[in-house]
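Fold and contact review
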There are 4 protein chains.
Amino acid sequence: MCRFVIYKGTKPVQLSHLLTRPCHSIINQAFDSRLRLDRRRPINGDGFGVGWYDSVYDEELGSQPCIFTSVTPAWNNVNLVRLAEKIKSPMVFAHVRATTAGTLSLDNCHPWSYGKLMFMHNGGIAEFGKIKRKLIASLPDEIFNWVSGNTDSQWAFALLLSKLPNPEAKRFNPAVLQRAMQETIAHINALSEEYGITEPSLMNFCVTDGETVVATRYISSRTDEAASLWFSSGSTFSEYAEGGHYKMSKTDKRENIIMIASEPLTFEKADWMEIRTNHMVVITPKMNLLQIPIVDKFYVAASDPAASSRGTEFAAAKGFLSPRRDSVHAH
Amino acid sequence: MCRFVIYKGTKPVQLSHLLTRPCHSIINQAFDSRLRLDRRRPINGDGFGVGWYDSVYDEELGSQPCIFTSVTPAWNNVNLVRLAEKIKSPMVFAHVRATTAGTLSLDNCHPWSYGKLMFMHNGGIAEFGKIKRKLIASLPDEIFNWVSGNTDSQWAFALLLSKLPNPEAKRFNPAVLQRAMQETIAHINALSEEYGITEPSLMNFCVTDGETVVATRYISSRTDEAASLWFSSGSTFSEYAEGGHYKMSKTDKRENIIMIASEPLTFEKADWMEIRTNHMVVITPKMNLLQIPIVDKFYVAASDPAASSRGTEFAAAKGFLSPRRDSVHAH
Amino acid sequence: MCRFVIYKGTKPVQLSHLLTRPCHSIINQAFDSRLRLDRRRPINGDGFGVGWYDSVYDEELGSQPCIFTSVTPAWNNVNLVRLAEKIKSPMVFAHVRATTAGTLSLDNCHPWSYGKLMFMHNGGIAEFGKIKRKLIASLPDEIFNWVSGNTDSQWAFALLLSKLPNPEAKRFNPAVLQRAMQETIAHINALSEEYGITEPSLMNFCVTDGETVVATRYISSRTDEAASLWFSSGSTFSEYAEGGHYKMSKTDKRENIIMIASEPLTFEKADWMEIRTNHMVVITPKMNLLQIPIVDKFYVAASDPAASSRGTEFAAAKGFLSPRRDSVHAH
Amino acid sequence: MCRFVIYKGTKPVQLSHLLTRPCHSIINQAFDSRLRLDRRRPINGDGFGVGWYDSVYDEELGSQPCIFTSVTPAWNNVNLVRLAEKIKSPMVFAHVRATTAGTLSLDNCHPWSYGKLMFMHNGGIAEFGKIKRKLIASLPDEIFNWVSGNTDSQWAFALLLSKLPNPEAKRFNPAVLQRAMQETIAHINALSEEYGITEPSLMNFCVTDGETVVATRYISSRTDEAASLWFSSGSTFSEYAEGGHYKMSKTDKRENIIMIASEPLTFEKADWMEIRTNHMVVITPKMNLLQIPIVDKFYVAASDPAASSRGTEFAAAKGFLSPRRDSVHAH
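Just so it is clear, the structure is predicted and the values come from calculations on it, not from any experiment. Per-chain numbering applies: the sequence of each chain, read as written, is numbered from 1 onward. Chains and ligands are labelled sequentially in the order written, the chains with letters from A and the ligands with numbers from 1. Only residues with pLDDT of at least 70 get local features here, since the model is predicted, and only at 80 or more are side-chain atom pairs given and counted; chain-wide, interface and lining totals rely on the full set of residues. Excluding hydrogens and water, the side-chain figures rest on all heavy atoms present in the structure.

We now examine the pattern of salt bridges. Salt bridge, as used here, is a side-chain nitrogen of Lys or Arg placed within 4 Å of a carboxyl oxygen of Asp or Glu. Within this structure, the stated rule accounts for 52 salt bridges over all chains. One continuous salt-bridge network, built from bridges that share partners, spans A:Asp58, A:Glu60 and D:Lys88.

This is how it looks when you write it as structure tokens:
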């Protein structure tokens, strides 16, 4: 089971404020389960990755993101601590990995980048070994040979790349990324059906070109809840009390910051809104946040009573949790 | 906060039965907090080490132990998994480290060996930076220059080595190891007093020459409880149910196996006996287990009511716990 | 460009005598180019692996080999140094890797094992990206999903496994391993031809089940020389002068030791015999060594003048060298 | 034996132009000995470090340098490759380490930083174990406890810090850094003499506060040559031919770039000037370069015939070389 966080701001954030300093950052949660808001779920450090875009465009440096990955736990990585104090970015993906699939290797650490695009995943594709070969067969040579690791997640990114008219484009229309994401999920579902796989797949995917973010909270089931996904927005994200206690403030009307995370990253749960199961969120280049249903055979409309009775056991058994119904008990 | 386990048997154990297969091994506890018998304490994987002695003496191979250490988490170390399936030993030390002191480096992973001796520590020497230089000044050149890391634990081993008539001896009288251990603790206490350090030090130390084991459960306080330490003995340690459920059996009268661990490693808490605070346990070459009080100004006799009212908050705050009084609540 | 060595003996060798102590071991060659007998070739440390079989069969431990791999340079790996002092084996594969293909990852370190089999490769399959997908398509699911890395070498092993009637067998007839090896090479050649690849592939492959060894010196070219391969045999391999100077002695008539290596490992070049290009060597369980031509369209009979005019430039440009003709210049 | 390079420019350099792209960079030299201009010396990859200062001051980020270190070889470090493409700096230290002293550990990788200061070393202090304890005894507690590794080099930096009025100052007068450097060398020499050490120490030290650079080429001997040290200056450092062939150009009168390196980094040896043995070079904040003799009992004036007859065998035997006299033989 993994953790991730997405940051998009009108101003760059010093990475340390996102990663190393907050006591509830995904890194420190992994370090000490007492720091986690929901302590029932185990979390581990089988690899870490952070990817970011430059805050100022420099022609020599280009527009692709930079990625730092590690197979030693993030909480104890001196390079990460030092870099996080020196790097600012308006668009960050960060991911703590537990090796549910794939070996411990830099090749298997999220996020991955391809041209201007960056991708990460929280979840797992059920019985991936059964569909892997046919999925691979559908990829163009260049994308097939680009894959360096052995995780379902990196192959899912490869599949998404194959759905884009030009994966090496400099800019992507949000609609193009959305459609590619939807086709990726549909393609995986079709393969799973073809091979008679009945276990649901947990597909919380995120992709960005540095301007637009498309993230999904999805499960290929009508009766189970997807792995959790939350967002928060505000004008500043800062430390309000010593010891790494951060909060999102709304000091003015404008929303300068949007964060999406696998679980709330501050004590103020009120600051965090749950993303609905089998929906896609899009952060547009102009910082609008849209929530769009992924309508397929696993979709249950919010108006349908079944929507609120999805079971949380499956995700929990996989090490994830749907915090929806238990959020009322949060301190 | 760390975890350790000591195994001494009349027959060699395959390391996998101690380390990688039991669902409650110190490695798997670190991986998934749900597997831990006491879940309140966080545990992490900031390095791992295992040391063992050969099961059959081979002149070419010598009598020193072999040590395997790692800075990536043990639960995901393919080398450890493969080695543990292939190595058998009658005398094993294993240690999971959390970096309370010292950086993440192989030099800082327990256990360490020097000649035939092997040493590990669970705990921490209070304000070690204040006494480090004077402690160092008392060491012979050879031992001073042997230290490769920057932990209080390795310096404590160096100090213990300096208390031995010949640290490179091929065999040690149990009484010699006991005395050196006692002098090591006394020396550290004297330095702490000299520098006005009032915070207690947690000194659960273990040393062995491959035949004798001396382990302490000690705190330099009259009012606080030491970090926990348990032992179990029996004739076989084996899997009684699938999924890595192990237990210690007493199928015959003889005790072929003695294990000492920072916390019980099986669900059968009845199999585990707590070692008393500020005592030393000695496993003799002939598999007798002695429990000897460490009588100094921090000693409180068991008959003294104060002995049962030592507080558990200090050790707990440091990430350790004295499970004595709460053991009755265990499932 | 890589280095490897195979050891098979009637008595087990302490790994240190093969790996860490000899000044000309593949590890120390990698460390200091001045120690190499042929200094023109660069050599590096992008990963290391050693695999060995137990010297005494133990039912609990099974008959599969144990493998230790590392992505940090072998010459500086404290775990390797310590293990090599403590492990003895009658059948060892060791490999130093330079990342001509594949990323730096434990998954990509040779040797690999599957059941009782162990495999390694020195060379490279030309334009592997072009044939990879079709090669993959021919593998059974179980073998396809077993592959964890992204090197041509591991896929070649997977292909070889697919040529065996039962890759999980406990014992293999030497003829079965030979045939599988030959079919592997033929299959790769057929794919290369199908995709119009004209650059030769360097296929020095080694496989063993712990009893039989099959190693090839092969190039898919009639005009170029394969990467070098040598063997030496004798009754003892020991240090004759301080500083790690080893030699192979023939103190009695029997040949107790056979070594195969990518280049001579001792100063006495007379002790080393070159294996002919496009031949296979087989060490039988009874320690006979056979040299068998691989007769296909790239084979040139030794009687043919063309056999001695194969060019060495190709292998050299790839970082390998055919030392055949220059061996006369050796000191 | 190690390699280092210092870059100071009026404009920031993209780190890739210094580290990963030039075929003669210290990283690529380590990778392939054929790329080295002087191939007689072995070079290895036992750790790597690069430290840099921001190109634009940002109050939130502060003025301390950022450091990235690695124990896997630099040539194969994906994080380094990615960071080097994205980071620009006007003041860079980079170092490739061979473990002549100290274990393989991030703690032992150069450069180190303390406040605004950054330090690295190429060489070795003779019989450091003999003087280590007395050197340590002279350090203030804070600096003593700051040292995390076990190399002579990091202790030398600690000694230098102890010679500064305020090692945490925001700015240092060049004269202050020069004097501290001279006192550091004198202190080490005095200790060596006290302990009767006759073997010379190689002390090519570099320190910077981000504005001033002080570097020494020094040996504690009147008859031996120090390890080599070169500098080059110009207006642009750029690729003139594909394949990473870089040169220093002097397109205008101004000197915008000064580089100091343990060996020439381009084929144009004429671009590189040797720094004289037992001299100190200072790059001032305004980009002036001064060469100042270190006058002590090991100093031999250039006018003295003995100056040109220093032997190169000692440094060579240690893995270094004084290329002075052989530079005429260069290709």
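Let's shift gears to the interface of chain D and chain A. The contact criterion used is simple: two residues touch if any of their non-hydrogen atoms lie within 4.5 Å. With 24 residues of chain D in contact, the opposing surface of chain A contributes 24 residues. Buried area between chain D and chain A, summed over both chains or domains, comes out near 2,000 Å², and the portion from carbon and sulfur atoms is 51%. Linking chain D with chain A are 6 salt bridges, by the criterion used here. With a closest N to O distance of 2.8 Å, A:Asp58 and D:Lys88 form a salt bridge. Summed over both partners, the accessible surface that disappears when two parts come together, traced with a 1.4 Å probe, is what is meant by buried area.

Moving on, we get to the sheet that holds strand S1 (residues 3-14) of chain D. All names here are of chain D. Two strands qualify as a pair provided that DSSP identifies no fewer than 2 bridges between them. Helix numbers and strand numbers start at the N terminus; a helix is a DSSP run of H or I with at least 4 residues, a strand a run of E with at least 2. Pairing within the open sheet is antiparallel, and its 7 strands lie in the order S3-S2-S4-S1-S12-S9-S13. The open sheet has two free edges, formed respectively by strand S3 (66-70) and strand S13 (273-274), since each of these has just one partner strand. The sheet contact formed by strand S9 (residues 230-234) and S13 spans 2 bridges and is antiparallel. Residue pairing across strands places Trp 230 opposite Glu 274, the latter belonging to S13.

Before going further, it helps to examine the interface of chain A and chain C. On the chain C side, the residues contacting the 17 residues of chain A number 17 residues. In total, about 1,300 Å² of surface goes out of reach between chain A and chain C, with carbon and sulfur atoms giving 39% of it. Our count for the contact surface shared by chain A and chain C stands at 2 salt bridges. Measuring nitrogen to oxygen at the nearest pair gives 2.9 Å for the salt bridge that ties A:Asp141 to C:Arg133. Contacts described as polar in this section are N or O atom pairs within 3.5 Å, which, within protein, must combine one atom able to donate a hydrogen with one able to accept it, while residues neighboring in sequence count only if both atoms come from side chains. In this assembly, chain A and chain C are joined by 14 residue pairs in polar contact (both at pLDDT 80 or more). At the level of elements, helix H4 (128-137) and helix H5 (141-146) of chain A are the ones that each hand at least two residues to the side of chain A that touches chain C. A total of 5 residues in the side of chain A that touches chain C trace back to one element, the largest contributor, which is H4(A). When residue character is reported, Ala, Val, Leu, Ile, Met, Phe, Trp, Tyr, Cys and Pro are called nonpolar, Asp, Glu, Lys and Arg charged, and the others, Gly included, polar. Split by residue class, the side of chain A that touches chain C holds 5 nonpolar, 8 polar and 4 charged.

Residue and element names in this part refer to chain A. Its place among the elements puts Ser 201 in the loop between helix H7 (174-194) and strand S7 (202-208). Working definition: with a 1.4 Å probe on protein chains only, accessible area under 20% of the residue-type maximum means buried, over 50% means exposed, and in between means partly exposed. For Ser 201, a relative accessible area of 1% puts it in the buried group. For Ser 201, the side chain forms a polar contact with the main-chain nitrogen of Ala 126, separated by 2.8 Å. Leaving out residues up to four positions away in the same chain, Ser 201 has contacts with Gly 124, Ile 125, Ala 126, Tyr 218, Ile 219 and Ser 220.

Take the pairing of strand S2 (residues 48-52) of chain D next. Residue and element names in this part refer to chain D. Across the 5 residues of S2, 5 count as buried, placing the element largely inside the fold. In S2, alternate side chains face the same way, and those of Phe 48, Val 50 and Trp 52 on one face and Gly 49 and Gly 51 on the other are all buried. Sheet topology note: the S2/S3 ladder contains 5 bridges and is antiparallel. The residue bridging Phe 48 from the neighbouring strand is Ser 70, located in S3. Pairing of S2 with strand S4 (residues 88-96), which is carried by 5 bridges, proceeds in the antiparallel orientation. When the sheet's bridge partners are listed, Gly 51 is paired in S4 with Phe 93.

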